[in-house]
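Read off the chains here:
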Amino acid sequence: MVEVSTLLVVPKTKKCNAHCKFCITDQLSNLDSFEGIEEQEINLNKLEAVIKFSKSIGVIDANITGGTEPTLTNSKNLYDITSILSKYFGRVNMYTNGASLLNKTGNKTLTDMLSDGGLTNLVISRAHYDDEKNSEVMRLRKYDLRQTVQNLTENGIDTKLSCLVAKDYIGNEGEVINYITRAKSLGIRKIIFRELLYLKNDEDCNEWVKNNAIPVSFVSNLMKVIKINEFKGLWNQTIWNYNGVAVTIWPDNSRKDTINNGDLIYMPDNHLYSSWLTKTSRIM
Ligand code: SF4
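Given the structure is predicted, the values throughout are model-derived calculations rather than measurements.

Draft legend 1. Spatial organisation of the overall build of the protein chain. The helix and strand tally for the protein chain stands at 8 helices and 13 strands. Counting over 284 residues, the protein chain shows a buried share of 37%. Sequence-distant contacts, at least 24 apart, represent 76% of the contacts inside the protein chain between residues at least 6 apart.

This is the structure:
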């Protein structure tokens, strides 16, 4: 039996506000069928049933993520999704490119509102510590990362940066150290370095990804060479403490969570699937 530990919730959103050179959304064929679906509110009753089912089979964690960018969904709906997840899970995480977190409704930022809903953790995708370089690869308008992190911290949201290692960007040991150092100066205490992902069987696989993909193992090798503290996390993943910043990598073969097992994915059509890739993986 496949073990699962995380429920992913995918709200239907408008077109993403970034156009990352590494985006694989187009390759997740299970999302194609939602192209015709207008932005719609997730059915909260159905989501609650799915949460109860997920908990009954051992899921302990919830992530709000996107076929595109979750912060672009209707903010009231996003608040409702967060609230219902936080009723059942102690840890509710969201993945975002970060650009909309300071957007305001009245006197509240989107971050304030997500915090009110019970969001506990957030991962911001950031390809480079330098604004210009980051915009170049994510093709995203520049935004104030320092202020964004400050607002997240004020709200008690545990924030992590996610960096895709790439040949011409964060692609060597010096740049890894620069990235960690710059992140720390902004108040970030967690970073995950990830390998660029492409679906090997997809002939349309993004050329940029193919040309820039490098193994993330150079990060773990670096951590071992500089002999910093190494310990194990909740899912047995290796964590290095570099000057007070917890550094992890993906893939990490010692991990025992969804990455090695399976995800449950609640898609915009209000059905639960076990795969991003095929409609036949529908569970309920
Ligand atoms: S922010 Fe995410 S969804 Fe948007 S283009 Fe980049 S990788 Fe794709």
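Draft legend 2. The environment of Asn134, seen in detail. Summarising the element assignment, Asn134 is placed in helix H4 (residues 131-138). Distance in space between the C-alpha atoms of Asn134 and Cys20 is 9.6 Å, their sequence separation being 114 residues. In this structure Asn134 touches Arg126, Ala127 and His128, once residues within four positions along its chain are discounted.

Draft legend 3. Expanded view of the packing of helix H2 (residues 75-88) against helix H3 (residues 110-117). Close contact between H2 and H3 brings their axes to 7 Å; oriented N to C, the two are set at 30°. Judged by the inter-axis angle, H2 sits roughly parallel to H3. For H2 against H3, the interelement crossing comes out right-handed. Residues Ser75, Leu78, Tyr79, Thr82, Ser83 and Ser86 of H2 lie in contact with H3, whose contacting residues are Leu110, Met113, Leu114 and Gly117. Along the lines of polarity and charge, the residues of the contact of H2 with H3 split into 5 nonpolar, 5 polar and no charged.

Draft legend 4. Examining the pairing of strand E2 (residues 61-64) more closely. Along E2, one buried face is formed by Asp61 and Asn63 and the opposite face, lined by Ala62 and Ile64, is buried too. The sheet contact formed by E2 and strand E3 (residues 92-96) spans 3 bridges and is parallel. Its bridge partner lying in E3, Asn63 is registered against Asn93. Remark: the E2/H2/E3 crossover connection has right-handed handedness.

Draft legend 5. Representation of the site of the ligand in the model. As a structural note, the neighbourhood of the ligand is formed by Cys16, Ala18, His19, Cys20, Cys23, Thr25, Gly66, Thr68, Glu69, Asn97, Ser125 and Met138. A class-by-class count of the residues in the shell around the ligand yields 5 nonpolar, 6 polar and 1 charged.

Draft legend 6. Up close: H2. Its 14 residues place the ends of H2 21 Å apart at the C-alpha level, agreeing with the 20 Å of an ideal helix rising 1.5 Å per residue. Along H2, the residues that are buried comprise Leu78, Ile81, Thr82, Ile84 and Leu85.

Draft legend 7. Spotlight on the pairing of strand E6 (residues 121-125). Counting buried residues in E6 gives 4 out of 5 residues, a clear majority hidden from the surface. Bridge count between E3 and E6: 4 bridges; the pairing is parallel. Paired with Tyr95 across the bridge in E6 is Val123.

Draft legend 8. Representation of the packing of helix H1 (residues 44-56) against H2 within the structure. Their axes nearest at 10 Å, the elements H1 and H2 cross at an angle of 30°. Considering the angle they form, H1 stands roughly parallel to H2. At the point where H1 passes H2, the crossing takes the right-handed sense. Packed against H1, whose contacting residues are Leu44, Leu47, Glu48, Ile51 and Lys55, the element H2 presents Asp80, Ile81, Ile84, Leu85 and Tyr88 at the interface.

Quick notes on the rules
Residues numbered from 1 in each chain as written. Predicted model: local features only at pLDDT ≥ 70, side-chain atom pairs only at ≥ 80, totals over all residues. Helix = DSSP H or I, 4+ residues; strand = E, 2+ residues; numbered from the N terminus. Buried ≥ 20, exposed ≤ 12 C-beta atoms within 10 Å, placed from the backbone. Contact = placed C-beta atoms within 7 Å. Axes fitted to C-alpha atoms, helices over the stretch in contact; angles between N-to-C directions. Parallel < 35°, antiparallel > 145°, perpendicular 65-115°, else oblique. Left-handed = near helix turned anticlockwise from the far one by under 90°. Nonpolar A, V, L, I, M, F, W, Y, C, P; charged D, E, K, R; others polar. Pairing = 2+ DSSP bridges. Right-handed = clockwise from strand over helix to strand, strands pointing away. Near = placed C-beta within 6 Å. Expected span 1.5 Å × (residues − 1).

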